[in-house]
Amino acid sequence: MIIGGSSGIGLGLAQALVRAGTEVTVVSRSGSRLAAASRGLGALDHSGALVRTAAADISRESDVERLFQEAGPVQHVITTAADGTGASGPIATIGVEGAQGFLGTKVLGPWLVAKHCAPYLLPGGSLTFTSGIAAYRPSVSGSVVAAANGALESLAYALALELAPIRVNVVSPGWVDTPVWDTLAGVDRSAALAAMAHRLPAGRIGTPADLAQAYLAVLCNEFMTGSVLHIDGGHRLV
């Protein structure tokens, strides 16, 4: 199950899993994005039985509880969802609603997912969160984003102990070329990504396919728990 799998990094992971013949449930709160993702993933699903979709807002406990009751047993759960609307900018300009919206989907949402998915996870199952480079290299206008990403990693450490033997890990992406940059950078998108590519030791921006390989490694490694896997092109070093 990929929560936030209808676009960006989550969709890239869903594509990789479907190509590998894995049954996937894609979760999003956007019906239009779910429909588009279902069509695209369906084209990769040659068996016609690998892709399911479910609508849920993980900041709402009733949605999360219903999601797992209806889904039933699941092997792995990955969260990539986050609502960054109104969460970035100088601290004096950020409204409480924007901060709460981001923290609700980025921290409280994964906490609710852990609370309600644990009884449904099959033996050898895992829970994987998605944090981000902002926890280590925050922007001058990114206090809420930095705080949420850092908190999410600490949450994973605690849950790896409490929910054991369920494995709980985090993938921490750097800058990845996804549609979110249309909102974050607008007309300056290409210039912003090119400038970061020049700065990074890897010499380029990440892709959803790069991140998909990281998640697959986490899902397959039965000795990995309480870990943060950094896929950031060396961003933490510069």
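Residues numbered from 1 in each chain as written. Predicted model: local features only at pLDDT ≥ 70, side-chain atom pairs only at ≥ 80, totals over all residues. Heavy atoms only, no water.

### Some remarks on the nonpolar core
Here is step 1 of the chain: Judged by nonpolar contacts, the single largest core of 28 residues is most densely connected at Ile3, Phe68, Val77, Val113, Phe129 and Val168.
Here is step 2 of the chain: Only helix H3 (61-71), strand S4 (74-79), helix H4 (96-117), strand S5 (121-130), helix H5 (143-162) and strand S6 (167-173) provide two or more residues apiece to this core.
Here is step 3 of the chain: When residues in this core are grouped by element, the largest group, five residues, is from H5.
Here is step 4 of the chain: Contact partners of Val77, with chain neighbours within four places excluded, come to Met1, Ile3, Phe68, Val113, Cys117, Leu121, Ser126, Leu127 and Thr128.
Here is step 5 of the chain: Within the second largest apolar cluster, 25 residues are counted, among which are Val51, Val176, Ala214 and Val218. (Core = buried A, V, L, I, M, F, W, Y, C linked by side-chain atoms within 4.5 Å. Buried < 20%, exposed > 50% of the residue type's maximum accessible area, 1.4 Å probe, protein only. Helix = DSSP H or I, 4+ residues; strand = E, 2+ residues; numbered from the N terminus. Contact = heavy atoms within 4.5 Å.)

### Some points on the environment of Val144
Here is step 1 of the chain: Take Val144: it is sitting in helix H5.
Here is step 2 of the chain: On the accessibility criterion, Val144 (12% relative accessible area) is buried.
Here is step 3 of the chain: Measuring from C-alpha to C-alpha, the distance between Val144 and Arg189 comes to 22 Å, with 45 residues separating the pair along the chain.
Here is step 4 of the chain: Ignoring anything within four residues of it in the chain, the contact list for Val144 reads Ala87, Ile94, Ala99 and Phe102.

### A word on the pattern of salt bridges
Where charged atoms from two side chains of opposite charge approach closely, those side chains can pair.
Here is step 1 of the chain: Within this structure, the stated rule accounts for ten salt bridges.
Here is step 2 of the chain: As a salt-bridge pair, Arg66 and Glu70 come within 3.7 Å of each other at their nearest N and O atoms. Residue Arg66 and its partner Glu70 are located together in helix H3, separated by four residues, close to a single helical turn.
Here is step 3 of the chain: Through salt bridges with shared partners, a single network forms among Arg29, Asp57, Arg60 and Asp83. (Salt bridge = Lys/Arg side-chain N within 4 Å of Asp/Glu carboxyl O.)

### Observations concerning the packing of helix H1 (residues 8-19) against helix H8 (residues 208-220)
Here is step 1 of the chain: Following both chains from N to C, one finds H1 and H8 inclined at 65°, their axes separated by 8 Å at the closest point. The way H1 lies across H8 gives a crossing that is right-handed. Taking contact as the criterion, the partners of Gly8, Ile9, Gly12, Leu13, Ala16 and Leu17 in H1 are, on H8, Pro208, Leu211, Ala212, Tyr215 and Leu216.
Here is step 2 of the chain: Taken together, the residues of the contact of H1 with H8 sort by class into nine nonpolar, two polar and no charged. (Axes fitted to C-alpha atoms, helices over the stretch in contact; angles between N-to-C directions. Left-handed = near helix turned anticlockwise from the far one by under 90°. Nonpolar A, V, L, I, M, F, W, Y, C, P; charged D, E, K, R; others polar.)

### What about the sheet that holds S4?
Strand pairing in a sheet relies on backbone hydrogen bonds. The paired strands run either parallel or antiparallel.
Here is step 1 of the chain: Spatially, S3-S2-S1-S4-S5-S6-S7 is the arrangement adopted by the seven strands of the open sheet, whose pairing is parallel. Two strands close off the open sheet at either side, each with one partner strand: strand S3 (51-55) and strand S7 (228-231).
Here is step 2 of the chain: Two strands pair when backbone bridges link them, and strand S2 (residues 24-28) and S3 are joined in this way by five bridges, in the parallel orientation. What sits directly across from Val24, in S3, is Val51.
Here is step 3 of the chain: Running at roughly 175° to S5, H4 makes contact with strand S1 (2-3), S4 and S5 of the sheet. (Pairing = 2+ DSSP bridges.)

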